[in-house]
Amino acid sequence: MSRRVVVTGVGLVSPLGIGTEETWRAILEGRSGVGPITAFDASGFATRIAAEVKGFEPEKFIERKELKRMGRFIQFAIAAADFALKASGLKITPENSERVGVYIGSGIGGFEIIEREFEALLQYGPRRISPFFIPATIINLAAGYVSIRWGAKGPNSATATACTTGAHAIGDSFKIIQRGDADVMICGGSEAPICRMGIGGFSAMRALSTRNDEPERASRPWDKLRDGFVVGEGAGLLILEELEHARRRGAPILAEIVGYGMSGDAYHITAPCEDGDGAYRVMRNALRDAGIEPTQVQYINAHGTSTDVGDRIETLAIKRCFGEHAYKLAVSSTKSMTGHLLGGAGGLEAGITVLAIRDQIAPPTINYEVPDPECDLDYVPNKARPMRIEYAMSNSFGFGGTNGCLVFKRYTD
């Protein structure tokens, strides 16, 4: 059995806005969500900037008494699910609950809770560890809380594949519906890594930008002056739905998901293959799954983290996969505005890709000022571009050499 699967809702919580349309407007305006870190005193850190979700009031989505049981990544996921479900108009009832599943991942989970509880252990001993410590931090509890909140009794799962997490959760959900194990999946990724250990750990790897005096210009994918990525936080969830199920209830259909690819680099724990082989194969696999030719794709929402090696190698892989057509593609990195949400990135960027198809406009790559001769594609520099988008691709690559690629299509009967 292979069934058509469509996107009927997008829920975004990002450094650009709390809500899907607020985030999308900021993307099209080319605004940066990067600024000085306010979550903790970062004065002693090499990197003192991040893309924080600003003004988030979890009480608008969650009862106050429940908040102490949830890490920030869980709170973001619940808010994003609320936005996505309302946009889709889906009502989960006792009659359909077993056919509605949840698949939400995170790369790190409740990192800030782990940090806090470890401090309590060291200062006061084991009796001061919160009884909510474990359920507030473990990665599958984002999916668990969403399923409990809305009564979704279908497949319930999570994945933790570093920066490919959100893409894998969406791709796996696509396959769950395709093979008939569910009619609807609430899926994507959520992350809240902006704490001392998170920023300190990535800083120790020298992976982050240190453009502390110009935070809005720090994330600059493919620009020759790029010096590392910027950590972001937030969540991106999609409502995937079997086509006939969506039609019967008159759901808004934003796009169709038609392809999903996975691959492994088998090369290095943090660096991609020098020849871009893993990235090339994941895009090839997604195109094959979609049953389309490379020339049918118009837009790629790239992984594009703003690291020297990563951006160069993704460009190389795109050229290998698409050949001469690579130079006709619009290829943008919205991480230039949102920062890198790690395990939440694939969900956020899949949502942005769906909105690009809905509105027929390619988001920009901001801060693209000094071209890098080794990165020579059309990166939609600095300004959104209205254009025809029939097929679009969203790329995600993670530590350990884990890769995911999603292909979306403009929906037509």
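Please refer to the structure higher up on the page.
Residues numbered from 1 in each chain as written. Predicted model: local features only at pLDDT ≥ 70, side-chain atom pairs only at ≥ 80, totals over all residues. Heavy atoms only, no water.

Caption draft 1: Structural context of the overall build of the protein chain. Within the protein chain, the secondary structure is distributed over 13 helices and 15 strands. Computed over C-alpha atoms, the radius of gyration of the protein chain comes to 20 Å, within 12% of the 22 Å expected from 2.2 N^0.38 for 413 residues, which places it in the range of a compact globule. Its C-alpha atoms put the protein chain at 65 × 55 × 40 Å along the principal axes. Expressed as a percentage of its 413 residues, the buried residues of the protein chain come to 63%. By sequence separation, contacts in the protein chain at least 24 residues apart represent 79% of the contacts at least 6 residues apart. Of the roughly 15600 Å² of accessible surface on the protein chain, a fraction of 52% belongs to carbon and sulfur atoms. (Helix = DSSP H or I, 4+ residues; strand = E, 2+ residues; numbered from the N terminus. Rg over C-alpha atoms; globule rule 2.2 N^0.38 Å. Buried < 20%, exposed > 50% of the residue type's maximum accessible area, 1.4 Å probe, protein only. Contact = heavy atoms within 4.5 Å. Areas by Shrake-Rupley, 256 points an atom, 1.4 Å probe, with all protein chains shown as cover.)

Caption draft 2: Quick look at a nonpolar patch on the surface. On the surface, a cluster of nonpolar side chains totalling about 360 Å² of accessible area is made up of Phe118, Leu121, Leu122 and Ile129. Structurally, Ile129 can be placed in the loop between helix H4 (111-124) and helix H5 (133-137). Residue classification places Ile129 among the partly exposed positions, given a relative accessible area of 31%. (Patch = residues over 30% accessible without salt bridge, like charges linked within 9 Å, V, L, I, M, F, W, Y side chains within 5 Å. Salt bridge = Lys/Arg side-chain N within 4 Å of Asp/Glu carboxyl O.)

Caption draft 3: Spotlight on the pairing of strand E7 (residues 184-191). Most of E7 sits inside the fold, with eight of its eight residues counted as buried. What you see with E7 is no split at all: Val184, Ile186, Gly188 and Ser190 on one side and Met185, Cys187, Gly189 and Glu191 on the other are buried throughout. In this sheet, E7 lies alongside strand E5 (residues 100-105) in parallel orientation, the contact comprising six bridges. Opposite Val102, over in E7, you have Ile186 as the bridge partner. As paired strands, E7 and strand E8 (residues 234-242) are joined by eight bridges and run antiparallel to one another. When the sheet's bridge partners are listed, Ile186 is paired in E8 with Ile239. (Pairing = 2+ DSSP bridges.)

Caption draft 4: The arrangement of H4 in detail. Given a rise of 1.5 Å per residue, 14 residues ought to cover 20 Å, and the 20 Å separating the end C-alpha atoms of H4 matches this to within 8%. Along H4, the positions that sit buried rather than exposed are Glu112, Ile113, Glu115, Glu117 and Ala120. Turning to H4, the residues buried within the fold contact helix H3 (72-88), H5 and helix H8 (196-204). Gly125 sits one or two residues past H4 and shows a positive phi near 95 degrees. (Expected span 1.5 Å × (residues − 1).)

Caption draft 5: Looking closely at the pattern of salt bridges. Scanning the entire structure with this criterion turns up 35 salt bridges. Arg358 is the salt-bridge partner of Asp359, the closest N and O atoms lying 2.9 Å from each other. Asp359 sits in the partly exposed class, given a relative accessible area of 35%. The shortest N-O distance in the salt bridge between Glu390 and Arg410 comes to 2.9 Å. One end of the pair, Glu390, is in the loop between strand E13 (385-386) and strand E14 (391-398); the other, Arg410, is in the segment after strand E15 (402-409), and 20 residues separate them in sequence. A relative accessible area of 17% means that Glu390 is categorised as buried. Three or more residues joined by partner-sharing salt bridges are found here, namely Arg211, Glu214, Arg217, Arg220, Asp223 and Glu369.

Caption draft 6: Layout of the packing of helix H1 (residues 20-29) against helix H13 (residues 345-359). Close contact between H1 and H13 brings their axes to 11 Å; oriented N to C, the two are set at 75 degrees. Between H1 and H13, the interaxial angle falls into the category roughly perpendicular. Touching Thr20, Glu21, Trp24 and Ile27 of H1 are Ile352, Leu355, Ala356, Arg358 and Asp359, all from H13. (Axes fitted to C-alpha atoms, helices over the stretch in contact; angles between N-to-C directions. Parallel < 35°, antiparallel > 145°, perpendicular 65-115°, else oblique.)

Caption draft 7: Structural detail: the environment of Ser130. With respect to the element layout, Ser130 can be found in the loop between H4 and H5. Of the residues examined, Ser130 reaches a relative accessible area of 21% and is grouped as partly exposed. Along the primary structure Ser130 and Ala120 are separated by ten residues, whereas in three dimensions their C-alpha atoms are 8.9 Å apart.

Caption draft 8: Summary view of the packing of H4 against H8. Packing of H4 against H8 leaves a shortest axis separation of 8 Å and a crossing angle of 110 degrees. With respect to H8, the element H4 is oriented roughly perpendicular. Between H4, through Phe111, Glu115 and Glu119, and H8, the contact on the second element is made entirely by Arg196, Met197 and Gly198. Of the residues belonging to the contact of H4 with H8, the class tally is two nonpolar, one polar and three charged. (Nonpolar A, V, L, I, M, F, W, Y, C, P; charged D, E, K, R; others polar.)

Caption draft 9: Molecular detail of the pairing of E5. Of all the six residues making up E5, six are buried; the element is thus mostly covered by neighbouring parts of the structure. Judged by which residues are buried, E5 turns out to be covered on both faces: Val100, Val102 and Ile104 on one side and Gly101, Tyr103 and Gly105 on the other are all buried. With two bridges joining them, E5 and strand E6 (residues 156-157) adopt parallel strand pairing. Looking across to E6, one finds that Val102 is bridged to Asn156.

Caption draft 10: Main features of the packing of aromatic side chains. A full pass over the atoms with the stated rule returns eight aromatic pairs. Ring centres of Phe202 and Phe399 lie 6.5 Å apart, and the angle between their planes is 50 degrees; on these two criteria the pair is classed as tilted. Here Phe202, found in helix H8, pairs with Phe399, found in the loop between E14 and E15; they are 197 residues apart in sequence, far enough to count as distant. The partly exposed category is assigned to Phe399, whose relative accessible area is 34%. Joined through ring pairs, the aromatic side chains of Phe56, Phe61, Phe76 and Phe83 make up one cluster. (Phe/Tyr/Trp six-rings, centres within 6.5 Å; stacked < 30°, edge-to-face > 60°.)

Caption draft 11: Molecular detail of unusual backbone geometry. For Asn367, which is not glycine, the phi torsion reads 65 degrees and is therefore positive. By secondary structure assignment, the location of Asn367 is in the loop between strand E12 (361-362) and E13. By relative accessible area, Asn367 is classed as buried at 9%.

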